[in-house]
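Coordinate inspection notes
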Amino acid sequence: MNDNRVINQISGPRMEVKYRMMMPEHLSKIRMQDLIREAREARLAREVGAGRLWRRLAAYASDRADRAQRCR
């Protein structure tokens, strides 16, 4: 088992340190969620940097406008 330090900041000048035991499965799940979040942020940054996101949004808006005009 691994431990994480949890610091209670309300305790005043003498900060209290607590240890909470976590199962390795929980730690690996937390790490996996962090990696997925980082990958999403990196992908979004690449898309914005390459202009792909804006092109995709423009294409989506154009398609919606075409569909709206056909439905009239």
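You'll find the structure just up there.
A quick note: this is a predicted structure, and the numbers were derived from the prediction, not measured.

Brief notes about the overall build of the protein chain
Counting secondary structure elements, the protein chain contains two helices and two strands. Reading the secondary structure of the protein chain in the N-to-C direction produces β-β-α-α. The buried share among the 72 residues of the protein chain stands at 6%. Just so you have it, the protein chain exposes about 6800 Å², and 54% of that area is on carbon and sulfur atoms.

So, helix H1 (residues 24-50)
Its 27 residues place the ends of H1 39 Å apart at the C-alpha level, agreeing with the 39 Å of an ideal helix rising 1.5 Å per residue. Remark: Gly 51 follows H1 within two positions and exhibits a positive phi of approximately 80°.

Side note on the packing of H1 against helix H2 (residues 52-70)
Relative orientation of the contacting elements H1 and H2 amounts to 75°, with a least axis distance of 4 Å. Taken together, H1 and H2 sit at an angle that is classed as roughly perpendicular. From H1, Leu 44, Glu 47, Val 48 and Ala 50 reach across to H2, where they touch Arg 52, Leu 53, Trp 54, Arg 55 and Arg 56. Classifying every residue of the contact of H1 with H2 by side-chain character gives five nonpolar, no polar and four charged.

Re the pattern of salt bridges
A full pass over the atoms with the stated rule returns one salt bridge. Residue Arg 37 pairs with Asp 34 through a salt bridge whose shortest N-O separation is 3.1 Å. One end of the pair, Arg 37, and the other, Asp 34, are both in helix H1, three residues apart, so they sit about a helical turn from each other. Using a relative accessible area of 44% as the deciding quantity, one classes Arg 37 as partly exposed.

What to know about a nonpolar patch on the surface
On the surface, Leu 44, Val 48, Trp 54 and Leu 57 cluster together to form a nonpolar patch covering roughly 390 Å² of accessible area. Among the secondary structure elements, those contributing two or more residues to the nonpolar patch are H1 and H2. Along the chain, Val 48 falls in helix H1. Overall, Val 48 belongs to the partly exposed group, its relative accessible area being 35%.

A look at a positive patch on the surface
Together, Arg 40, Arg 43, Arg 46, Arg 52 and Arg 55 make up a positively charged patch on the protein surface. Listed by contribution, the elements that provide at least two residues to the positive patch are H1 and H2. Broken down by element, the positive patch gets its largest block of residues, three residues, from H1. Here Arg 40 is to be found in helix H1.

Rules of the game
Residues numbered from 1 in each chain as written. Predicted model: local features only at pLDDT ≥ 70, side-chain atom pairs only at ≥ 80, totals over all residues. Heavy atoms only, no water. Helix = DSSP H or I, 4+ residues; strand = E, 2+ residues; numbered from the N terminus. Buried < 20%, exposed > 50% of the residue type's maximum accessible area, 1.4 Å probe, protein only. Areas by Shrake-Rupley, 256 points an atom, 1.4 Å probe, with all protein chains shown as cover. Expected span 1.5 Å × (residues − 1). Axes fitted to C-alpha atoms, helices over the stretch in contact; angles between N-to-C directions. Parallel < 35°, antiparallel > 145°, perpendicular 65-115°, else oblique. Contact = heavy atoms within 4.5 Å. Nonpolar A, V, L, I, M, F, W, Y, C, P; charged D, E, K, R; others polar. Salt bridge = Lys/Arg side-chain N within 4 Å of Asp/Glu carboxyl O. Patch = residues over 30% accessible without salt bridge, like charges linked within 9 Å, V, L, I, M, F, W, Y side chains within 5 Å. Lys, Arg positive; Asp, Glu negative; His and termini not counted. Charge placed at Lys NZ, Arg CZ, Asp CG, Glu CD.

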